[in-house]
Amino acid sequence: MAIVRRARLLALVLLAAPAAGAQPRTADPIKRGLQLSDFPRVVKLAENVYGYEEIRQPGFTTVSLIVVGRNGVLIADAQGSVAATQAMLDKIKAITPLPVKWYVVGSDHGDHTGGNSVLPKDLTFVVHPASRAQLLKDSAAAAAPGRGGAPRPAVIVPPVAMTGDTQDLDLGGTTARVMFLGRAHTGGDLSVYLPREKILFMSEAYLNRVFPAMRSAYPTEWIGTVDRALALDVSRYVPGHGFIEEPAASREELVTFRKALVDVIAEVKRLHGLGLGADDAAKQANWGPYTGWFLRDQQAPVAVRKVYDEIEGRLTPRP
């Protein structure tokens, strides 16, 4: 019997281990055998479709989507500074002479929008009403002087918001379907679906091996958003942070991220049920397999507070 148990244990270990030559499942570039000097980099996802990975501090990727049609280029999410966004635009010029004509606000957070002032002025923006409202607030805050009276970076506010949950864009030979799949990391998360290529860019609704970041999240609704993404006819899921994976691994990692959301919420509910305050709960939490995920030290206390807000009814109700 002991021999049988050892054989079963060995089989489980072999099944769990990555195949020879496979990339380690992590958001850490160094553990994946990369150097910070390898970034920014363009990852070809399909003909005329690219992911753009740039390193932001403390050393994990911010991902943008680039789609080239006959009529121009679509970008979904840019980067967090003027310099980083300009570098991305320069990379696009090396791919195609066509102009950037469409921009999808997948996330309204500054690490995806902070460099938008260098985008072409005649862009067509697609933004969810909740994200546009947040950008209006951010723009007003940016108008106030910073420390020592220094000017703050401008926040670009799209002129109008989308009026439904989907909007199709004809790029010329390619259709990009912008989709609101539900509140997740923010109140206005948008994804971009390419039906022909079966690619779904999820922005910050999918954080590949990054501890769930919940500063402005709707924790339980986030799970439903991921479920709706998994139900689509998609071969490759592209995250807003963490690495772009090969098609099969991308789905596996999205399922893993969903489980992280479920488990993090369950652990916080357990601690809340013990009568602990949020600060004590954060100190006593057992994050299990997610302990080593990127940004766990910073994001775990935020997640605890946000799930407490949800439990105690302090989140903004759905419209």
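The paragraphs below set out a description of the structure included in this document. (Residues numbered from 1 in each chain as written. Predicted model: local features only at pLDDT ≥ 70, side-chain atom pairs only at ≥ 80, totals over all residues. Heavy atoms only, no water.)

Side note on the overall build of the protein
Here comes step 1: Within the protein one finds 8 helices and 11 strands.
Here comes step 2: Its C-alpha atoms give the protein a radius of gyration of 20 Å, within 12% of the compact-globule value 20 Å for 319 residues.
Here comes step 3: A principal-axis box enclosing the C-alpha atoms of the protein has dimensions of 70 × 45 × 40 Å.
Here comes step 4: The buried share among the 319 residues of the protein stands at 50%.
Here comes step 5: Pairs at least 24 apart in sequence give 64% of the contacts found in the protein among residues at least 6 apart.
Here comes step 6: Looking at the protein as shown, the accessible area adds up to about 15,000 Å², and 55% of this sits on carbon and sulfur atoms. (Helix = DSSP H or I, 4+ residues; strand = E, 2+ residues; numbered from the N terminus. Rg over C-alpha atoms; globule rule 2.2 N^0.38 Å. Buried < 20%, exposed > 50% of the residue type's maximum accessible area, 1.4 Å probe, protein only. Contact = heavy atoms within 4.5 Å. Areas by Shrake-Rupley, 256 points an atom, 1.4 Å probe, with all protein chains shown as cover.)

Considering unusual backbone geometry
Here comes step 1: Here Phe 39 and Pro 40 are connected by a cis peptide whose omega angle stands at 0°.
Here comes step 2: Take Pro 40: it is sitting in the loop between helix H1 (2-16) and strand E1 (41-46).
Here comes step 3: Phi angles above zero are rare outside glycine, and Ser 203 is one such case at about 50°.
Here comes step 4: Examined against the element boundaries, Ser 203 turns out to sit in the loop between strand E10 (199-201) and helix H5 (219-230).
Here comes step 5: We classify Ser 203 as buried; its relative accessible area is 0%.

Digging into the side chain of His 112
Here comes step 1: Checked against the element boundaries, His 112 lands in helix H3 (residues 110-113).
Here comes step 2: A polar contact is formed between the side chain of His 112 and the side chain of Asp 77, at a distance of 3.2 Å.
Here comes step 3: With sequence-adjacent residues up to four places away left out, His 112 is seen in contact with Thr 62, Val 63, Asp 77, Ala 78, Gln 79, Gly 80, Tyr 103, Ser 107, Glu 204, Gly 240 and His 241. (Polar contact = N/O pair within 3.5 Å; in protein donor to acceptor, adjacent residues only side chain to side chain.)

Quick notes on the nonpolar core
Here comes step 1: Core analysis: the biggest nonpolar cluster contains 44 residues, and Trp 222 and Tyr 237 have the highest contact counts within it.
Here comes step 2: Among the secondary structure elements, those contributing two or more residues to this core are H5, helix H6 (247-273) and helix H8 (296-311).
Here comes step 3: Of all the elements, H6 adds the most residues to this core, at 8 residues.
Here comes step 4: Residues within four places of Tyr 237 in sequence aside, it is in contact with Leu 200, Met 202, Tyr 206, Ala 229, Leu 230, Leu 232, Ser 250, Arg 251 and Leu 254.
Here comes step 5: Listed in part, the 25 residues of the second largest apolar core include Leu 171, Val 178, Phe 180 and Phe 201. (Core = buried A, V, L, I, M, F, W, Y, C linked by side-chain atoms within 4.5 Å.)

Quick word on the packing of aromatic side chains
Here comes step 1: Scanning the entire structure with this criterion turns up 7 aromatic pairs.
Here comes step 2: Taking the centre distance of 5.1 Å and the plane angle of 80° together, the rings of Tyr 290 and Trp 293 count as edge-to-face. Each member of the pair, Tyr 290 together with Trp 293, is buried.
Here comes step 3: In this structure an aromatic cluster arises from ring pairing among Tyr 206, Trp 222 and Phe 257.
Here comes step 4: Stacked on the ring of Tyr 218, the Lys or Arg Arg 183 has its end atom at 3.7 Å from the ring centre. (Phe/Tyr/Trp six-rings, centres within 6.5 Å; stacked < 30°, edge-to-face > 60°. Lys NZ or Arg CZ within 6 Å of the ring centre and 35° of its normal.)

Quick look at the pairing of strand E8 (residues 175-179)
Here comes step 1: Of the pairings in the sheet, the one linking strand E7 (residues 166-170) to E8 comprises 5 bridges and is antiparallel in character. By the bridge assignment, Asp 168 is partnered in E8 with Arg 177.
Here comes step 2: Between E7 and E8, which pair antiparallel and follow one another directly, the connecting turn spans 4 residues, one of which, Gly 172, has a positive phi of 95°.
Here comes step 3: As judged from the 3 bridges shared by E8 and strand E9 (residues 191-194), these two strands associate in the antiparallel manner. In the sheet register, Val 178 faces E9, and the bridge partner there is Val 192. (Pairing = 2+ DSSP bridges.)

Some words on the pattern of salt bridges
If the charged atoms of two oppositely charged side chains come close together, the side chains can form a pair.
Here comes step 1: Scanning the model with the defined rule gives 18 salt bridges in all.
Here comes step 2: Where Asp 227 meets Arg 258, a salt bridge forms, and the shortest distance between an N and an O atom there is 2.5 Å. Of the two residues, Asp 227 is situated in helix H5 and Arg 258 in helix H6; the sequence distance between them amounts to 31 residues.
Here comes step 3: One salt bridge connects Arg 236 with Glu 246, and the closest N-O pair in it is separated by 3.5 Å. Linking Arg 236 in strand E11 (residues 236-238) with Glu 246 in the loop between E11 and H6, this pair joins segments that are 10 residues apart in sequence.
Here comes step 4: For Arg 236, a relative accessible area of 7% corresponds to the buried category.
Here comes step 5: One continuous salt-bridge network, built from bridges that share partners, spans Arg 25, Arg 209, Glu 252 and Glu 253. (Salt bridge = Lys/Arg side-chain N within 4 Å of Asp/Glu carboxyl O.)

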